[in-house]
Amino acid sequence: MIYVRQVKTMNEIIRPTDELPVSVLKANHIVFDELSFVRDGFSLKDDSKTSFNLSYGIDKISDGEYRTTLTAQATREGEFKAKVQISGYWSIEESDSHKNQLLQENALAILFPYVRSQMTLLTAQPETEPIVWPAMNINKMRSEEHTSELQSRSDLVCRLLLE
């Protein structure tokens, strides 16, 4: 069970003996919905470009019950297409004043490391340079709603498109 609370200062830490905070996002389930890798061919050059698309959605299941979905797609033209989709099932008080922020920011931050790891595992195929995303602030990128370029270890230029 994961509990998340907005923390204003580093001195404000939840200890096991503390009462649970009023504003709580509870992770009931975190599951992968789809993992796919389709090989289209083999790269003949070291400077192949990889394009990325990240999308995020929130669905209300019932009062206080939500599903957030994060989908990452990677395409290396002429070599492969990969897709990782994960869903988090959350409980939160419907009257919580921080509900939307917790679902949009904290749930996304919890799901992204799973997607990041799984994309690396999925693309670690024979004769394929795996995708290894650096640690990044996914919420900052989402809030800026822009396209940025990432440089991988093998100097491949990658486009990260946030929807």
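Residues numbered from 1 in each chain as written. Predicted model: local features only at pLDDT ≥ 70, side-chain atom pairs only at ≥ 80, totals over all residues. Heavy atoms only, no water.

**Observations regarding the overall build of the protein chain**
Looking only at helices and strands, the protein chain features two helices and seven strands. Tracing the protein chain from N to C terminus, the helices and strands come up as β-β-β-β-β-α-α-β-β. Out of the 163 residues belonging to the protein chain, those deemed buried represent 37%. Counting only contacts in the protein chain whose residues sit at least 6 apart along the sequence, the fraction spanning at least 24 positions is 63%. (Helix = DSSP H or I, 4+ residues; strand = E, 2+ residues; numbered from the N terminus. Buried < 20%, exposed > 50% of the residue type's maximum accessible area, 1.4 Å probe, protein only. Contact = heavy atoms within 4.5 Å.)

**Let's talk about unusual backbone geometry**
Positive phi values are uncommon outside glycine, yet Glu-127 reaches one of about 60°. On the secondary structure map, Glu-127 appears in the loop between α1 (99–123) and α2 (138–144). For Glu-127, a relative accessible area of 66% corresponds to the exposed category.

**Thoughts on the pattern of salt bridges**
In total, this model carries seven salt bridges according to the counting rule given. For Asp-63, the salt bridge identified is with Lys-60, shortest N-O distance 3.1 Å. The exposure class assigned to Asp-63 is exposed, which follows from its relative accessible area of 62%. Given the relative accessible area of 45%, Lys-60 is considered partly exposed. (Salt bridge = Lys/Arg side-chain N within 4 Å of Asp/Glu carboxyl O.)

**Quick word on the nonpolar core**
Formed by 28 residues in total, the largest nonpolar core has its most connected members in Leu-70, Trp-90, Met-119 and Trp-133. Those elements that place two or more of their residues in this core are β2 (25–39), β3 (50–62), β4 (65–76), β5 (80–92) and α1. For this core, the element with the highest residue contribution is α1, accounting for 10 residues. Apart from the residues within four sequence positions on either side, Leu-70 is in contact with Leu-54, Ser-55, Tyr-56, Val-84, Gln-85, Ile-86, Leu-108, Leu-111, Phe-112 and Val-115. (Core = buried A, V, L, I, M, F, W, Y, C linked by side-chain atoms within 4.5 Å.)

**Structural notes on the environment of Leu-102**
With respect to the helices, strands and loops of the structure, Leu-102 is situated in helix α1. For Leu-102 and Leu-25, which are 77 residues apart along the polypeptide, the C-alpha to C-alpha distance reads 6.8 Å.

**A closer look at the environment of Trp-90**
Residue position: Trp-90 is located in strand β5. Separated by 61 residues in sequence, Trp-90 and His-29 place their C-alpha atoms 7.2 Å apart. What Trp-90 contacts, discounting residues up to four positions off in sequence, is Leu-25, Lys-26, Ala-27, Asn-28, Gly-64, Glu-65, Tyr-66, Thr-68, Leu-103, Ala-107, Ile-110 and Leu-111. A polar contact of 2.7 Å, which involves the side chain of Trp-90, links it to the side chain of Thr-68. (Polar contact = N/O pair within 3.5 Å; in protein donor to acceptor, adjacent residues only side chain to side chain.)

**Quick word on the packing of aromatic side chains**
Inspection of the entire model under this criterion finds three aromatic pairs. When the ring of Phe-37 is compared with that of Phe-80, the centres are 5.2 Å apart and the planes differ by 25°; the resulting orientation is stacked. Placement of the pair is Phe-37 in strand β2 and Phe-80 in strand β5, with a sequence separation of 43 residues. Residue classification places Phe-80 among the buried positions, given a relative accessible area of 0%. (Phe/Tyr/Trp six-rings, centres within 6.5 Å; stacked < 30°, edge-to-face > 60°.)

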